[in-house]
Amino acid sequence: MLRKLSVLAAAVGLLTVGVAGPALANGGAKEAKDVHWSFEGPFGKFDQAQLQRGFKVYREVCSACHSLKLVAFRNLGDKGAPFYNEKYPNSNDNPWVKAIAKDYEIGDIDSETGDAIKRPATGADHFPSPFANEAAARASNGGALPPDMSLLAKAREEGPAHIYSVVTGYKTPPAGLKVPTGGHYNEYFPGDLTSAWSGSHEHVPPGGFIAMAPPLKDGLVTFDDGTKSTLDQEAKDVSAFLMWAAEPKLEERKQTGFAVILYLLLLSGLLFASYKTVWRNESH
Amino acid sequence: MSGHSTYQPKTGFERWLDARLPIVRLGYDSFVDYPTPRNLNYWWTFGGILSLCLASQLITGIILVMHYTPSAQGAFASVEHIMRDVNYGWLIRYMHANGASMFFIAVYIHMLRGLYYGSYKAPREVLWLLGCVIYLLMMATAFMGYVLPWGQMSFHGAVVITNLFGALPLVGESITTWLWGGFAVDNPTLNRFFSLHYLLPFMIAGVVILHIWALHVVGQNNPTGVEPKSKADVLPFTPYATVKDGFAMSVFLILFAFFVFYMPNALGHADNYIEANPLVTPSHIVPEWYFLPFYAILRAVPDKLMGVLAMFGAIACLFALPWLDTSKVRSMRYRPTAKIYFVFFLVASCILGVCGAKLPDDPVIPHLTTFQLMGSDLNSFVWLSRIAALYYFAFFLIVLPVLGLVEKTLPVPDSIASPALSADAHKG
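Residues numbered from 1 in each chain as written. Chains lettered and ligands numbered in written order. Predicted model: local features only at pLDDT ≥ 70, side-chain atom pairs only at ≥ 80, totals over all residues. Heavy atoms only, no water.

## Remarks on unusual backbone geometry
Residues and elements named next belong to chain B. Across the junction of A122 and P123, the peptide omega takes the value 5°, indicating a cis bond. Mapped onto the elements, P123 comes out in the loop between helix 5 (89–116) and helix 6 (125–147). Of note in the backbone geometry, L170 takes a positive phi value of approximately 65° without being a glycine. In this fold, L170 is placed in the loop between helix 7 (152–164) and helix 8 (172–180). The phi dihedral of M374 falls on the positive side, at around 50°, and the residue is not glycine. Checked against the element boundaries, M374 lands in the loop between strand 3 (372–373) and strand 4 (376–377). Assessed through its relative accessible area of 52%, M374 is described here as exposed. (Helix = DSSP H or I, 4+ residues; strand = E, 2+ residues; numbered from the N terminus. Buried < 20%, exposed > 50% of the residue type's maximum accessible area, 1.4 Å probe, protein only.)

## Quick word on the state of the cysteines
Residues and elements named next belong to chain B. Scanning all chains against the criterion turns up 0 disulfides over all chains. Counting only cysteine sulfurs, C317 is the nearest neighbor of C132, a cysteine outside any disulfide, at a range of 11 Å. A relative accessible area of 4% places C132 in the buried class. The exposure class assigned to C317 is buried, which follows from its relative accessible area of 6%. (Disulfide = S-S within 2.5 Å.)

## Here we look at helix 7 (residues 250–278) of chain A
Along its 29 residues, helix 7 of chain A runs 41 Å from first to last C-alpha, staying within 8% of the 42 Å computed at 1.5 Å per residue. All buried positions along helix 7 of chain A are accounted for by L250(A), E251(A), R253(A), K254(A), G257(A), I261(A), L264(A), S268(A) and Y275(A). Where the residues of helix 7 of chain A are buried, they touch helix 6 (231–246) of chain A together with helix 5 and helix 10 (237–262) of chain B. (Expected span 1.5 Å × (residues − 1). Contact = heavy atoms within 4.5 Å.)

## Description of the packing of helix 2 (residues 48–60) of chain A against helix 6 of chain A
All names here are of chain A. At a closest axis distance of 7 Å, the pairing of helix 2 and helix 6 adopts a crossing angle of 100°. Taken together, helix 2 and helix 6 sit at an angle that is classed as roughly perpendicular. For the pair helix 2 and helix 6, the contacting residues are Q50, L51, R53, G54, F55, V57 and Y58 in the first and Q233, E234, K236, D237, V238, A240, F241 and W244 in the second. The residue makeup of the contact of helix 2 with helix 6, split by class, is 8 nonpolar, 3 polar and 4 charged. (Axes fitted to C-alpha atoms, helices over the stretch in contact; angles between N-to-C directions. Parallel < 35°, antiparallel > 145°, perpendicular 65-115°, else oblique. Nonpolar A, V, L, I, M, F, W, Y, C, P; charged D, E, K, R; others polar.)

## A look at a negative patch on the surface
On the surface, E31(A), D34(A), E40(A), E157(A) and E158(A) cluster together to form a negatively charged patch. Tracing the sequence through the fold places E31(A) in the loop between helix 1 (2–20) and helix 2. (Patch = residues over 30% accessible without salt bridge, like charges linked within 9 Å, V, L, I, M, F, W, Y side chains within 5 Å. Areas by Shrake-Rupley, 256 points an atom, 1.4 Å probe, with all protein chains shown as cover. Salt bridge = Lys/Arg side-chain N within 4 Å of Asp/Glu carboxyl O. Lys, Arg positive; Asp, Glu negative; His and termini not counted. Charge placed at Lys NZ, Arg CZ, Asp CG, Glu CD.)

## Some details on the side chain of H197(B)
Residue and element names in this part refer to chain B. Relative to the assigned elements, H197 resides in helix 9 (residues 187–218). The exposure class of H197 is buried, given its relative accessible area of 17%. A polar side-chain atom of H197 sits 2.9 Å from the main-chain carbonyl oxygen of T141. (Polar contact = N/O pair within 3.5 Å; in protein donor to acceptor, adjacent residues only side chain to side chain.)

## A look at the interface of chain B and chain A
Contact residues are listed per partner, giving 52 residues for chain B and 50 residues for chain A. Here chain B meets chain A over a buried area of about 4,600 Å², counting both sides, of which 68% is carbon and sulfur. Joining chain B to chain A, the criterion identifies 2 salt bridges. Two residues, R74(A) and D85(B), come together in a salt bridge whose shortest N-O distance is 3.4 Å. For the interface between chain B and chain A, the tally reads 15 residue pairs in polar contact (both at pLDDT 80 or more). (Buried area = accessible area lost by both parts, 1.4 Å probe.)

## Some thoughts on the pairing of strand 1 (residues 105–109) of chain A
Residue and element names in this part refer to chain A. Across 5 bridges, the pairing between strand 1 and strand 2 (residues 116–120) is antiparallel. By the bridge assignment for strand 2, I109 is matched with A116. In textbook terms, the turn of a hairpin is the stretch between consecutive antiparallel strands, and for strand 1 and strand 2 this stretch comprises 6 residues, one of which, G114, has a positive phi near 80°. (Pairing = 2+ DSSP bridges.)

## As for helix 2 of chain A
All names here are of chain A. Compared with an ideal rise of 1.5 Å per residue, which puts 13 residues at 18 Å, helix 2 spans 18 Å between its outermost C-alpha atoms and is within 8% of the ideal. For helix 2, the set of buried residues is Q50, L51, R53, G54, F55, K56, V57 and Y58. Turning to helix 2, the residues buried within the fold contact helix 3 (95–102) and helix 6. You can read the cap of helix 2 off the contacts: a side-chain oxygen lies 3.1 Å from the backbone nitrogen of A49, and it is on D47.

## Looking at the domain arrangement of chain B
Residues and elements named next belong to chain B. Here chain B is described as being made up of domain 1 (1–29), domain 2 (34–281) and domain 3 (288–324 + 336–408). Between the C-alpha centres of domain 2 and domain 3 the distance comes to 23 Å. Together domain 2 and domain 3 conceal approximately 2,500 Å² of surface at their shared face, both sides included; 81% is due to carbon and sulfur atoms. On the domain 2 side of the contact with domain 3, L115, Y116 and L164 bury the most area, a combined 21% of that side's loss. Within the residue set of the side of domain 2 that touches domain 3, elements represented by two or more residues are helix 5, helix 6 and helix 7. (Domains from an automatic or database assignment.)

## Section: the packing of aromatic side chains
Per the stated rule, a full pass over the model turns up 51 aromatic pairs over all chains. Summarising the aromatic geometry, the rings of Y198(B) and F202(B) are spaced 5.9 Å apart at their centres and angled 20° between planes, so their arrangement reads as stacked. A residue pair is termed a helical-turn pair when its members lie 3 or 4 positions apart in one helix, as Y198(B) and F202(B) do in helix 9 at 4 residues. Accessibility expressed as a relative area gives 42% for F202(B), which makes it partly exposed. Their ring planes at 75° and their centres at 5.5 Å tell us that Y392(B) and F393(B) sit as a pair that is edge-to-face. On the accessibility criterion, Y392(B) (6% relative accessible area) is buried. A relative accessible area of 18% places F393(B) in the buried class. The rings of F55(A), Y58(A), F73(A), F83(A), Y104(A), F127(A), F241(A) and W244(A) are connected pair by pair, giving a single aromatic cluster. Seen from the ring of W279(A), K244(B) lies directly overhead, with NZ or CZ sitting 5.5 Å from the centre. (Phe/Tyr/Trp six-rings, centres within 6.5 Å; stacked < 30°, edge-to-face > 60°. Lys NZ or Arg CZ within 6 Å of the ring centre and 35° of its normal.)

## What about the nonpolar core?
In terms of nonpolar packing, the biggest core is built from 154 residues, with L76(A), Y392(B) and F396(B) touching the most fellow members. Counting contributing residues, this core receives three or more from each of domain 2 (34–281) and domain 3 (288–324 + 336–408) of chain B. Beyond its immediate chain neighbours, meaning those up to four positions away, L76(A) contacts F55(A), A81(A), P82(A), F83(A), Y84(A), V97(A), I100(A), F127(A), F241(A) and W244(A). (Core = buried A, V, L, I, M, F, W, Y, C linked by side-chain atoms within 4.5 Å.)

## Considering the packing of helix 7 of chain A against helix 10 of chain B
Close contact between helix 7 of chain A and helix 10 of chain B brings their axes to 9 Å; oriented N to C, the two are set at 165°. By the angle between their directions, the pair helix 7 of chain A and helix 10 of chain B is classed as roughly antiparallel. The two elements helix 7 of chain A and helix 10 of chain B cross, and the hand of that crossing is left-handed. (Left-handed = near helix turned anticlockwise from the far one by under 90°.)

So, in structure tokens, the structure goes:
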């Protein structure tokens, strides 16, 4: 009986997890597109070429409005990062890191005069933000605040697939939907369109209005590795890059996990054998 | 401690120490020679697993504090500093965050085991009460710990929970202001939660010592619920229980590692990766999974104050359990009717958990509208949670007191060894 009970308990438990999970997804928006990522699964790794392409998309397009303030230039040369090279275990020595940092200007204080100055960034500096503060960001974006992108891929329920879906999810609004000024209809952006919809309440279109105009289009970025820069490719690459930015230790985590679980399986086997040996003469 | 000590100091130093501080004797009597019922099953390994959880939370927590900044300005960035710049910081933080969930998985199994086998009945009432105190402290600790990363869910969760005290008549507002250290959840709130989050685990450790002490006075319960009567009923803790607990801990660690390394954020909320912003409220404010059943009970009651009282009442039932259950038979193994009510209790608790995660007015069966009752459609999670909450309270307040008086129980074995040995004889 107890065995049956425990099976039942496990089943109920699993059901709870299964039902409770999707409950948190955003209402109204379409479920994110199914994307295959190289970093999925227990042995998943970032595709370095993809991260480099994604970084280029961020740098040339997204960074005009979106900050990446938790990421330092040196991080670009860390293990698993877009510009990692085994020749430069210290990412501050990495020539790509140095070259990228040099192109950015960082506000600083002149140590001699105390004046506010601008100097080229070094590997230790973080990506500078495009706006001085939140008010400035909102003023330049019709009142909307472009979110910081450092953790964006983890701060959305569906992860990088959500970013990919939103960037590729702009559609001509269906007839009967009144799009407000400064808004753009997007099937994957969470929202409730009931008040803007003149049709029947049973058929409110999915999605919401996003202040960001479609940011990417075919051929917007020229990829250095010759990959064709379609909208789909750009969106996928920048989403992968943002996943790296949000979880730079992902590869290290998965690799460590494999070793840890293998060790624990062996340990469990040994302990089970010990248990059987110790208890061999005892009924229970 | 039960029975007299059989510890024999072997070396000169041990004899010297034993005459001055018999700490080795205490350890020997508690964890080596301590007699354990020979028929304990795997549900009894969760005590050991829980000690492991507490130790893991303490160690990872102390390391996290070395790198964390307890201020509304710096908390969020310092957690990300841990994730990105501290050596193995990601591992320590993911262990601590998922460790809380593991701790609750283990404690719920441990409590349900006690409930099923009647481990709260005389003479184990104090043992059970101490366990309830630990559980209460765990809930307070987990809640305050979740506030510390200062993400959106941290902040707004803290607002919702602290506001509950505002429902209390007369003193409510003063208590809330006092908890906040101001007129809103802000830097002082974060600082006091941090201080208490560091203090409470050591209080838990203290009550755990009392819990183990009480356990060693009354001895362990066992699946038959029959007290050990002779030497044939028991085995020494080491090696018999140690090796079995060790195996169970190792298997539990596999589950733990699976979450830490492969789905570290599955049990958390994506919103908590957005820094707290008092001006933007997340669309769904949901507590961590281990609070969901109580959250559902809170929302099931239309009146705020009554809801708060119901929620605390649900926990109070656990404290009163030893005096609510009137059955003379300890283990539900010999209580066929109680067993069925127990399964329904399990189901009701899980349903409450699901309801806690949903919007109260969302339909349980999609696209079905029935009729309105007390301001909500009957086909809604709020109504489902009302039914489940009623069962939750009925189980403690009606089923257990009444059933104990009227139930026909199965014959209970004379001793632990007799059914165990006869089962063995069957096999042989």
